[in-house]
Amino acid sequence: MTPVRIWIGVVLLALGVIGILEATGVDTGEAAKWWPVAVIGLGVVTLVARRRVSVGPVLLIVLGVILLADQLSWTEEDLVGPALLLVLGFAVLFGLSQQRDGDGWTSGRRSSLAMFGSTKVKERSEHFTRADATAIFGGVTLDLREAHIDEQATVDAFAMFGGVEVLVPVGWRISLAGTPIFGGYEDKTRGGVLPADAPVLNVNAVAIFGGVDVANEHDQKDSTGVRPQDRPVDHSA
């Protein structure tokens, strides 16, 4: 069991205990104010599990700390509005911290973020090793079909009330694992026998009320939400 799943389980158990106590007439008003600790803990546990800093968990920690300050009345004014501005500002600055290397991106960690919108990123690195994709109330498409992996590479995908789509070329071996929390992740790449030395892409997914997909082609849908290949064929003509 992953640390993130353990933390979610502990939080749900705590909420259940608080609910039972309230139902039996026990006053839990003060304890209920500490609910943002669950948000902070989720961010911290995700960082520990990944063993490196990535934008999604950091945003959760920052937001959780500000919400906790608001709940405990550390300030006289409402902090929700400033908290959202701070998170958005951090997201913009984080997105501007990337550097180009020729026609592609540097071989270091590549980060992409979408909040309340969508973004599509194309990676052309000749020695791709790592990328972060974070979607919060939005969508990220990370296109790796023109990238090259020497042996192995890693993508950390974080989707909260949003979706992350990772596009890969045919011939890559996909190792997909993670934690779905009222969400899910799926490997939609075309199957087949791959050589033993096929490059490996490790995708670590955290999906909270969202989804992470790995595919060879973009999953296009029309305005009704139906993919072109799923439309009924009209034989009347």
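Calculation criteria
Position labels on residues start from 1 in each chain and follow its written sequence. Given that the model is predicted, a residue must reach a pLDDT of at least 70 before its local features are reported, and side-chain atom pairs must reach 80 or more before they are shown or counted; all residues, however, enter totals for whole chains, interfaces and linings. Based on all heavy atoms of the structure, the side-chain values leave hydrogens and waters out of the count. Here, nonpolar core means buried Ala, Val, Leu, Ile, Met, Phe, Trp, Tyr and Cys residues that are tied together by side-chain atoms lying within 4.5 Å of each other. Think of it in three bands: residues with accessible area under 20% of the maximum for their type are buried, residues over 50% are exposed, and the middle band is partly exposed, with areas taken using a 1.4 Å probe on protein chains only. Here a helix means four or more residues in a row that DSSP labels H or I, a strand means two or more in a row labelled E, and each is numbered from the N terminus. Contacts between residues were defined by any pair of non-hydrogen atoms, one from each residue, lying within 4.5 Å. Between any two strands, pairing holds if DSSP finds at least two bridges. Where helices are involved, their axes are fitted lines through C-alpha atoms of the stretch in contact, as for all axes, and angles between N-to-C directions lie from 0 to 180°. The aromatic pairing rule takes the rings of Phe, Tyr and Trp, using the six-membered ring of Trp, and pairs them if the centres are within 6.5 Å, calling planes under 30 degrees apart stacked, those over 60 edge-to-face and the rest tilted. The predictor's confidence in any single residue is recorded as pLDDT, a number from 0 to 100. Contacts described as polar in this section are N or O atom pairs within 3.5 Å, which, within protein, must combine one atom able to donate a hydrogen with one able to accept it, while residues neighboring in sequence count only if both atoms come from side chains.

**A word on the nonpolar core**
Thinking step 1. Core analysis: the biggest nonpolar cluster contains 24 residues, and Phe-128, Leu-144, Val-155, Val-164 and Leu-201 have the highest contact counts within it.
Thinking step 2. Elements supplying a minimum of two residues to this core: strand 5 (130-136), strand 6 (139-143), strand 7 (152-160), strand 8 (163-167), strand 11 (200-208) and strand 12 (211-215).
Thinking step 3. Ranked by residue count, the leading element in this core is strand 7, at four residues.
Thinking step 4. Contacts of Leu-201, omitting those with residues within four sequence positions, involve Phe-128, Leu-144, Ile-149, Ala-153, Thr-154, Val-155, Val-166, Val-168, Trp-172, Arg-173, Ile-174 and Ser-175.

**As for the sheet that holds strand 8**
Thinking step 1. Taken in spatial order, the five strands make up an open sheet running 4-6-8-12-10, and their pairing is parallel. The sheet terminates laterally at strand 4 (118-122) and strand 10 (184-187), the two strands that pair on one side only. Strand-to-strand twist across the sheet, computed as the mean angle between neighbouring axes with direction ignored, equals 10°.

**Observations regarding the packing of aromatic side chains**
Thinking step 1. Across all of its chains, the model carries three aromatic pairs by this definition.
Thinking step 2. For the pair Phe-137 and Phe-161, a centre-to-centre distance of 4.9 Å together with 5° between the ring planes defines the contact as stacked. Taken together, the residues Phe-137 in the loop between strand 5 and strand 6 and Phe-161 in the loop between strand 7 and strand 8 connect sequence positions 24 residues apart.
Thinking step 3. Phe-161 gets classed as partly exposed once you look at its relative accessible area, which sits at 40%.
Thinking step 4. Ring centres of Phe-182 and Phe-209 lie 5.0 Å apart, and the angle between their planes is 15°; on these two criteria the pair is classed as stacked. Of this pair, Phe-182 sits in the loop between strand 9 (173-181) and strand 10 while Phe-209 is found in the loop between strand 11 and strand 12, placing the two residues 27 residues apart along the sequence.
Thinking step 5. When its relative accessible area of 63% is taken as the criterion, Phe-182 is described as exposed.
Thinking step 6. Put simply, the rings of Phe-137, Phe-161, Phe-182 and Phe-209 pair up and form one aromatic cluster.

**Looking at the confidence of the model for the chain**
Thinking step 1. Chain-level statistics for the chain give a pLDDT mean of 75 and a share of 70% at 70 or above.
Thinking step 2. In this model, residues 95-108 is a region of pLDDT below 50 whose contacts with residues beyond four sequence positions or in other chains number 20 contacts.
Thinking step 3. Ignoring residues within four places in sequence, the model shows residues 222-237, a span with pLDDT below 50, making seven contacts including any to other chains.

**Describing the environment of Ala-32**
Thinking step 1. Mapped onto the elements, Ala-32 comes out in helix 2 (residues 29-32).
Thinking step 2. Among the residues examined, Ala-32 registers a relative accessible area of 32% and is labelled partly exposed.
Thinking step 3. Once the C-alpha coordinates of Ala-32 and Leu-15 are considered, the two residues, 17 residues apart in sequence, prove to be 8.9 Å apart.

**Re the side chain of Ser-125**
Thinking step 1. Tracing the sequence through the fold places Ser-125 in the loop between strand 4 and strand 5.
Thinking step 2. Among the polar contacts listed, one links the side chain of Ser-125 to the backbone nitrogen of His-127, at a separation of 3.1 Å.
Thinking step 3. Only 3.4 Å separates the side chain of Ser-125 from the backbone nitrogen of Phe-128, close enough to count as a polar contact.

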